[in-house]
Amino acid sequence: MGFMDRVLFGDTRQWVCAQATGRVLEVAIGTGLNLRHYPDGIDLTGIELSPAMLELARRRAHEQHRTVDLRIGDAEALEFTDSSLDTVVCTFSLCAIPDHRRAVTEMVRVLRPGGLLLLSDHVVAPHPALRAVQRLAELASVPLGGEHFQRRPIELVRAAGLSIERHDRFAAGLVERLAARIPDTALP
């Protein structure tokens, strides 16, 4: 991932994590590559399906003196109550979650009214030639590692009724990041 961060993803981890506030959940925290980018003062929980990756995240958190609640968890069935979180973060992981639609639905479910969803991932290319290459790559990447190249999470976020506050697409349109807010349903 370090190579991809340098060559393709740029400052995306910092862009995403710097916006997190309050009670924060990072879905598919992996080895904890985002930890150093979070602001101080947040209440951070990270979930990950892989115990081995979670152990690496624990080591990274310890080395960085970062307090974080790290747990085994499934993005498709979040063990958090409805409307209980201020921010949900997911970076470069929706591409590998089998039911990414269910995962986004779960992320939206756990966000409080006015809460912020922060996503980044590689996405389906806007150019037909690049999309053809992605389709070919998926012939091997999906069965071997569950890696999808032709997803577009922003469409799921819009369909869920969130308001896109910030959006950026770069690297020939292959990388997309967004900040979307749950409507604040509180009465004045």
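Above this text is the structure in question.
Note that the coordinates shown come from a computational prediction; the quantities given were computed from them, not determined experimentally.

Visitor: Please clarify how the nonpolar core should be interpreted in this entry.
Guide: The tendency in soluble globular proteins is for nonpolar side chains to be buried side by side. The biggest cluster of nonpolar side chains holds 27 residues, and the ones touching the most others in it are V27, V88, M107 and L117. Counting only elements with at least two residues in this core, the list comes to β1 (23-27), β4 (85-91), α4 (100-110), β5 (111-122), α6 (153-159) and β7 (175-181). Setting aside chain neighbours within four positions, we find V27 in contact with I47, A75, L78, V88, V89, C90, S93 and M107.

Visitor: Explain helix α3 (residues 51-63) here, please?
Guide: Along an α-helix, residues three or four positions apart point the same way, because every turn accommodates 3.6 residues. Here α3 contains 13 residues, and its C-alpha end-to-end distance of 18 Å stays within 8% of the 18 Å for a straight helix at 1.5 Å per residue. Here α3 has its buried residues at L54, A57 and A61. When α3 is viewed along its axis, its buried side chains cluster within an angular range of 55° and face the same direction. The outward face of α3, more than 90 degrees from its buried face, is lined by the exposed residues A52, H62 and E63. Residues of α3 that are buried in the fold lie against β2 (43-48) and β3 (69-72). One or two steps after α3, the chain reaches H65, where phi turns positive at roughly 55°.

Visitor: Which parts of the structure should I look at to understand the environment of C17?
Guide: With respect to the helices and strands, C17 occurs in helix α2 (residues 12-17). Judged by its relative accessible area of 0%, C17 falls in the buried class. Put simply, C17 and N34 are 17 residues apart on the chain and 7.0 Å apart in space, counted from C-alpha to C-alpha. Ignoring sequence-local partners within four residues, the contact set of C17 consists of N34, H37, Y38 and P39.

The rules behind each value
- Residues numbered from 1 in each chain as written.
- Predicted model: local features only at pLDDT ≥ 70, side-chain atom pairs only at ≥ 80, totals over all residues.
- Heavy atoms only, no water.
- Core = buried A, V, L, I, M, F, W, Y, C linked by side-chain atoms within 4.5 Å.
- Buried < 20%, exposed > 50% of the residue type's maximum accessible area, 1.4 Å probe, protein only.
- Helix = DSSP H or I, 4+ residues; strand = E, 2+ residues; numbered from the N terminus.
- Contact = heavy atoms within 4.5 Å.
- Expected span 1.5 Å × (residues − 1).
- Arc of directions from axis to C-beta.

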